[in-house]
Amino acid sequence: MIIKFVGADVQTAGKSFAALTSSWGYPPEPAPTAEPATGPETKGVDPVAVASLLVSIPSAMLAVADIADRIHKRRRAGELIERAQQLRAQQAAARLVCDDRTVDLATLTPDQLLELVADEPSAT
């Protein structure tokens, strides 16, 4: 996810979001380059190993993990939006940069934010 800050005090806005995401264990990273990784150290995914892993996980456990992950991500999305709304009052804006547009984070609901992030091709 790429977040772009615009407004009067973008430094403070960036530090505010960096503190929040760092508390989750995700320090901010610079925006990725458009060049794909094709070096000799790049490892591919073994399809047989992936298939074995998927077959070995019972479907009930997978469903529970998906629900728990969605709840966790929804809470974090709510915190990001709340922080964006606080920054909006300080004359700064946090915008989510999508492939075809930018969206003001303060105007989104947690579910809308999760849908936008899930629609990104690089979402994991």
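First, a word on what this report is: a plain description of the structure on this page. (Residues numbered from 1 in each chain as written. Predicted model: local features only at pLDDT ≥ 70, side-chain atom pairs only at ≥ 80, totals over all residues. Heavy atoms only, no water.)

**Considerations on the overall build of the protein**
Helix and strand content of the protein: four helices and three strands. Helices and strands in the protein line up, N terminus first, as β-α-α-α-β-β-α. The proportion of buried residues among the 124 residues of the protein is 21%. For the protein, long-range pairs separated by at least 24 residues make up 63% of all intrachain contacts whose partners lie at least 6 apart in sequence. Accessible surface for the protein amounts to roughly 9000 Å². Of this, 58% is attributable to carbon and sulfur atoms. (Helix = DSSP H or I, 4+ residues; strand = E, 2+ residues; numbered from the N terminus. Buried < 20%, exposed > 50% of the residue type's maximum accessible area, 1.4 Å probe, protein only. Contact = heavy atoms within 4.5 Å. Areas by Shrake-Rupley, 256 points an atom, 1.4 Å probe, with all protein chains shown as cover.)

**Things to note about the pattern of salt bridges**
Scanning all chains against the criterion turns up six salt bridges. For Arg 75, the salt bridge identified is with Glu 79, shortest N-O distance 2.8 Å. Of this pair, Arg 75 and Glu 79 both sit in helix H3 (residues 59-89), four residues apart, which is roughly one turn of that helix. The partly exposed category is assigned to Glu 79, whose relative accessible area is 25%. Residue Asp 100 is joined to Arg 101 by a salt bridge in which the shortest nitrogen-to-oxygen separation is 3.9 Å. Relative accessible area serves as the criterion here: at 45%, Arg 101 is assigned to the partly exposed category. Overlapping salt bridges, with partners in common, bring together Arg 70, Arg 74 and Asp 111 in one network. (Salt bridge = Lys/Arg side-chain N within 4 Å of Asp/Glu carboxyl O.)

**Brief notes about the nonpolar core**
The biggest cluster of nonpolar side chains holds 20 residues, and the ones touching the most others in it are Phe 17, Leu 105, Leu 108 and Leu 113. Beyond its immediate stretch of four places on either side in the chain, Phe 17 contacts Ile 3, Phe 5, Leu 80, Arg 83, Ala 84, Leu 87, Ala 94 and Leu 105. (Core = buried A, V, L, I, M, F, W, Y, C linked by side-chain atoms within 4.5 Å.)

**Comments concerning the side chain of Ser 16**
Within the fold, Ser 16 resides in helix H1 (residues 10-23). Judged by relative accessible area, Ser 16 falls into the buried class, the value being 16%.

**Topic: unusual backbone geometry**
Leaving glycine aside, a negative phi is the common case for residues, and trans is the common case for peptide bonds. Positive phi, close to 65°, is recorded for Gln 91, a residue that is not glycine. Residue position: Gln 91 is located in the loop between H3 and strand S2 (92-97). Here Gln 91 falls in the exposed class, since its relative accessible area comes to 59%.

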